[in-house]
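Close look at the chain arrangement
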Amino acid sequence: SSSVGQAKAESGSPVDVYTFLLQTLHRWQDIRPAVKVEYQCASTLQPPVISVDRTLRHALINLLDNAADASPEYIAVHATWLVQDASLQLHVDIRDFGPGLSANASKKLGTPFYSTKAQEGLGLGLYLSRLIFQRFGGSVTLSKHPQQGTLTRIVLPLDSLILKG
């Protein structure tokens, strides 16, 4: 699967990480203008130029949609890129302020055809987003936020996506 991710990355368009995140958030806000978003992006490193295909953008938009479905008035997005475990990584936290995850939902979320959205969801969005990020060596985890809501954490290694030049 990593070679598939590499091939996809090589066919993507070049953009720096900060611009990728901002463009994705703006595209999503065009679709969901009623949702207020607190967005913070900070790093001590220059934003690396990476090759991004549209599946990464769609996976991130899907996770933003999930947060907005749980918390239609307000979500928070915090992103950074840093060196961790000898790898340059992108970390994105998406927090909703909804009811949070039950113990049952925590166990089943992300499996095909399980949804907390009653009749509205098929349970495939999170599943597919996880698969996309995993294809690029990343991960998506959900946890109950200690104060309220759900925290979706994306960790994406950038080394294979960075354009060498």
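Before reading further, recall that the structure is shown in the block above.
Now for a quick tour of the structure. Computed from a predicted model, the values in this text were never measured in an experiment.

Concerning the packing of helix α2 (residues 17-31) against helix α3 (residues 54-70)
Between α2 and α3, whose axes approach to 10 Å, the crossing angle comes to 50°. If you check the angle between α2 and α3, you find them oblique. Handedness of the crossing formed by α2 with α3: right-handed. Side by side, α2 and α3 meet where F20, L21, Q23, T24, L25, R27 and W28 of the first sit next to L56, R57, L60, I61, L64, D65 and A68 of the second. Class assignment for the residues of the contact of α2 with α3 results in nine nonpolar, two polar and three charged.

Brief notes about the pattern of salt bridges
Per the counting criterion, the structure on display carries four salt bridges. Across the salt bridge formed by D69 and R32, the nearest N and O atoms sit 3.1 Å from each other. Placement of the pair is D69 in helix α3 and R32 in the loop between α2 and β2 (36-41), with a sequence separation of 37 residues. Classification of D69 as partly exposed rests on a relative accessible area of 36%. Between R135 and D53 there is a salt bridge, with the nearest N and O atoms lying 3.6 Å from each other. A residue pair is termed long-range when its members are at least 10 positions apart, and R135 in helix α5 (residues 125-135) and D53 in the loop between β3 (49-52) and α3 qualify at 82 residues.

Remarks on unusual backbone geometry
One non-glycine residue, D85, adopts positive backbone phi at about 55°. Relative to the elements of secondary structure, D85 occurs in the loop between β4 (74-84) and β5 (87-96). Owing to a relative accessible area of 68%, D85 belongs among the exposed residues under this scheme. Even without glycine at this site, A86 takes up a positive phi of about 60°. Looking at the element boundaries, A86 is found in the loop between β4 and β5. A86 gets classed as exposed once you look at its relative accessible area, which sits at 79%.

Details of α3
The first and last C-alpha atoms of α3 sit 25 Å apart over 17 residues, in line with the 24 Å expected at 1.5 Å per residue. Of all the positions in α3, only T55, L56, R57, A59, L60, I61, N62, L63, L64, A67 and A68 are classed as buried.

Describing the pairing of β5
β5 sits mainly inside the fold: ten of its ten residues count as buried. Across the two faces of β5 the burial is the same, with S87, Q89, H91, D93 and R95 and L88, L90, V92, I94 and D96 all buried. Bridging between β4 and β5 involves ten bridges; their strand directions are antiparallel. Within the sheet, the bridge partner assigned to Q84 lies in β5 and is S87. Where β4 folds back onto β5 in an antiparallel hairpin, the turn is made up of two residues, including D85, whose phi is positive at roughly 55°. Pairing of β5 with strand β7 (residues 150-157) involves seven bridges; the strand directions are antiparallel. Of the residues in β7, the one forming a bridge with Q89 is P157.

Focus: the packing of α3 against α5
In the contact formed by α3 and α5, the axes pass within 9 Å of each other and the chain directions differ by 140°. In this structure, α3 crosses over α5, and the sense of that crossing is left-handed. Judged by residue contacts, T55, L56, A59, L60, N62, L63 and N66 of α3 engage G125, L126, S129, I132, F133 and R135 from α5. Among the residues making up the contact of α3 with α5, the classes are represented as seven nonpolar, five polar and one charged.

Calculation rules
Residues numbered from 1 in each chain as written. Predicted model: local features only at pLDDT ≥ 70, side-chain atom pairs only at ≥ 80, totals over all residues. Heavy atoms only, no water. Axes fitted to C-alpha atoms, helices over the stretch in contact; angles between N-to-C directions. Helix = DSSP H or I, 4+ residues; strand = E, 2+ residues; numbered from the N terminus. Parallel < 35°, antiparallel > 145°, perpendicular 65-115°, else oblique. Left-handed = near helix turned anticlockwise from the far one by under 90°. Contact = heavy atoms within 4.5 Å. Nonpolar A, V, L, I, M, F, W, Y, C, P; charged D, E, K, R; others polar. Salt bridge = Lys/Arg side-chain N within 4 Å of Asp/Glu carboxyl O. Buried < 20%, exposed > 50% of the residue type's maximum accessible area, 1.4 Å probe, protein only. Expected span 1.5 Å × (residues − 1). Pairing = 2+ DSSP bridges.

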